[in-house]
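# Tertiary structure, described
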Amino acid sequence: MSDVGNLLDALEELAIQKQEAVLATVVKVEGSAYRRPGARMLIPQIGNAVGTVSGGCLESDLAKKAWWLTEQGQPVIRTYSTGMPGDEAGEEEELAFGLGCNGTVHILLERVRVAQPYLPAQLLRQVIQEQRPATLATVIAGTGDAKALIGARVALSPMDDLFLSGNHAALADLLTVDLQAAFDQRKTALHRYDLGADEIEVVIEYLAPPRKLVIFGAGHDAQPLVAMAKQQGWRVTVIDSRSHFARNERFPGADQVLHLSLETGQIPSGLIAHAAVIVMSHSYSQDRHWLAQALSQAPSYIGQLGPRSRTERLLAEIPNSLSMPAFEKLHYPMGLDLGGDTPESIALSLVAEVTAHFNGRNGGMLRERTAPIHDAEPVMRHQKASESL
């Protein structure tokens, strides 16, 4: 979500300057590509673009052409092939870039106008503010009369409210069930609806809130860990019982720094729910206290820094530790085996393992992976009775 935060900040600044922009959004990927659906790039009238939609291959072309491609004010799909020169380009508007990646990237270009509501930005702000997910459906292709729907949207907000851009009540009726399904399954997917004479293609994005990291221990080695986690766009909380360590000025990037006593301090309700927790105070009594609290709650991941034997002693001193609710989430020793021993290299190892956990990966070398690097977005097909949208 770091890209999202930068993009929303840029939109607010452009609104103050009364400046329009073009937003480029990856809406569909076929084959191999650097970014996945949901990647966004903001192209202002004046100044530099914010965000990326590729590994740096497509941004220049988009920045040059986005404004004239959208000069009619209507959303436009721009398609890029990343195959080798001479590969079949496919559709007439598809542009071959000769990158050798053997993929096709479909990018939605649309104007973001001054003082006009823009649903994706509104929704992303709510996701961040409420710390709850949302789903966003965008029509990216259509046949016949349905072609005019390209760019139309329906959204399910973090508060379970249904929003739509424009007067498309029938589209909302069509998509509501699948918006909720994407919310429940926590997955972005492509949907194709056969409406009889017409057909539409819709990408339904699952918009997750920023990932949460709670660090118990405010020592010197926590500082590079906070910095790296914030580069990922995570919400970071640092907690320590030592007041001389738990100071905001030591962690200027953290979202909050808390001084909690071991005798009276309680972890705020909901703070570590679904969060990654790292226990690394280098104090045996602190680690035992915070590890016990984390095991009794519902985090997504718990990592205990230090040797295996030390963690096993901690667990032996925590009553019923092996049967506590989050014991299966505990990783020790934590971190990927990178071999470094500096605070920065240890932080890299910890962030890498937590990232792998959040993404459902093991953190191995990609050269040893037999499956594709990126999981393909599922395509859902729906046969609907003939109806007018």
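Residues numbered from 1 in each chain as written. Predicted model: local features only at pLDDT ≥ 70, side-chain atom pairs only at ≥ 80, totals over all residues. Heavy atoms only, no water.

## As for helix α5 (residues 222-231)
A turn of α-helix holds 3.6 residues, and therefore any two residues three or four places apart point the same way. Taken residue by residue, α5 has A222, P224, L225, V226, M228 and A229 as its buried positions. Where α5 is buried, its residues touch β12 (212-216), β13 (235-240), β15 (276-279) and α8 (343-358). Positive backbone phi, approximately 85°, marks G233, located one or two places after α5. (Buried < 20%, exposed > 50% of the residue type's maximum accessible area, 1.4 Å probe, protein only. Helix = DSSP H or I, 4+ residues; strand = E, 2+ residues; numbered from the N terminus. Contact = heavy atoms within 4.5 Å.)

## Section: the sheet that holds strand β11 (residues 199-207)
The mixed open sheet is built from six strands, whose spatial order is β9-β8-β7-β11-β10-β18. Taken across any chain shown, the strands that pair with only one partner, and hence form the sheet edges, are β9 (162-164) and β18 (379-383). Each neighbouring strand pair of the sheet contributes to a mean axis angle of 20°, computed without reference to strand direction. Helix-sheet contacts for helix α3 (residues 119-130) involve β7 (134-142), β8 (153-156), β9 and β11, and the interaxial angle to β7 is about 160°. (Pairing = 2+ DSSP bridges. Axes fitted to C-alpha atoms, helices over the stretch in contact; angles between N-to-C directions.)

## Regarding the sheet that holds strand β14 (residues 256-259)
Read from one edge to the other, the open sheet built from six strands follows the order β14-β13-β12-β15-β16-β17, with strand pairing classed as parallel. Either end of the sheet is taken by a strand with one partner, and the two such strands are β14 and β17 (330-331). Of the pairings in the sheet, the one linking β12 to β13 comprises five bridges and is parallel in character. Note that in β13 the partner of F216 across the bridge is I239.

## Description of the pattern of salt bridges
Taken as a whole and judged by the stated rule, the model has 15 salt bridges. Linking E201 and K28 is a salt bridge whose minimum nitrogen-to-oxygen distance equals 3.3 Å. A residue pair is termed long-range when its members are at least 10 positions apart, and E201 in strand β11 and K28 in strand β1 (residues 21-31) qualify at 173 residues. Each member of the pair, E201 as well as K28, carries the same accessibility label: buried. Close ionic contact of D61 with R78 constitutes a salt bridge, the shortest N to O distance being 3.5 Å. In this pair, D61 is assigned in helix α2 (residues 59-69) and R78 in strand β4 (residues 76-81), connecting sequence segments 17 residues apart. (Salt bridge = Lys/Arg side-chain N within 4 Å of Asp/Glu carboxyl O.)

## Quick word on unusual backbone geometry
Along the chain, Y332 connects to P333 via a cis peptide bond; the corresponding omega equals -15°. Phi at A115 takes a positive value of approximately 65°, unusual for a residue other than glycine. You can see A115 is positioned in the loop between β6 (103-112) and α3. Even without glycine at this site, R186 takes up a positive phi of about 55°. Topologically, R186 is positioned in the loop between α4 (169-185) and β10 (189-194).

## Considerations on the pairing of strand β2 (residues 40-44)
β2 sits mainly inside the fold: five of its five residues count as buried. Burial along β2 is two-sided: R40, L42 and P44 and M41 and I43, pointing in opposite directions, are all buried. Bridging between β1 and β2 involves five bridges; their strand directions are antiparallel. The partner of V22 across the bridge, within β2, is I43. Strand direction decides the pairing type here: β2 and strand β3 (residues 50-51), joined by two bridges, are antiparallel. For L42, the partnering residue across the bridge sits in β3 and is V50. In this antiparallel pair of consecutive strands, β2 and β3, the connection spans five residues, and G47 shows a positive phi of 105°.

## Here we look at the packing of aromatic side chains
Applying the stated criterion to the full structure yields two aromatic pairs. Aromatic side chains F216 and W290 sit 4.9 Å apart centroid to centroid with 15° between the ring planes, which places their arrangement in the stacked category. Pair noted here: F216 is in strand β12 and W290 is in helix α6 (residues 284-295), with a separation of 74 residues, a long-range link. Residue F216 shares its accessibility class with W290, and that shared class is buried. For the pair W234 and F358, a centre-to-centre distance of 5.9 Å together with 80° between the ring planes defines the contact as edge-to-face. Residue W234 is found in the loop between α5 and β13, and its partner F358 is found in helix α8; the two are separated by 124 residues along the sequence. An identical accessibility class is assigned to W234 and F358; each is buried. (Phe/Tyr/Trp six-rings, centres within 6.5 Å; stacked < 30°, edge-to-face > 60°.)

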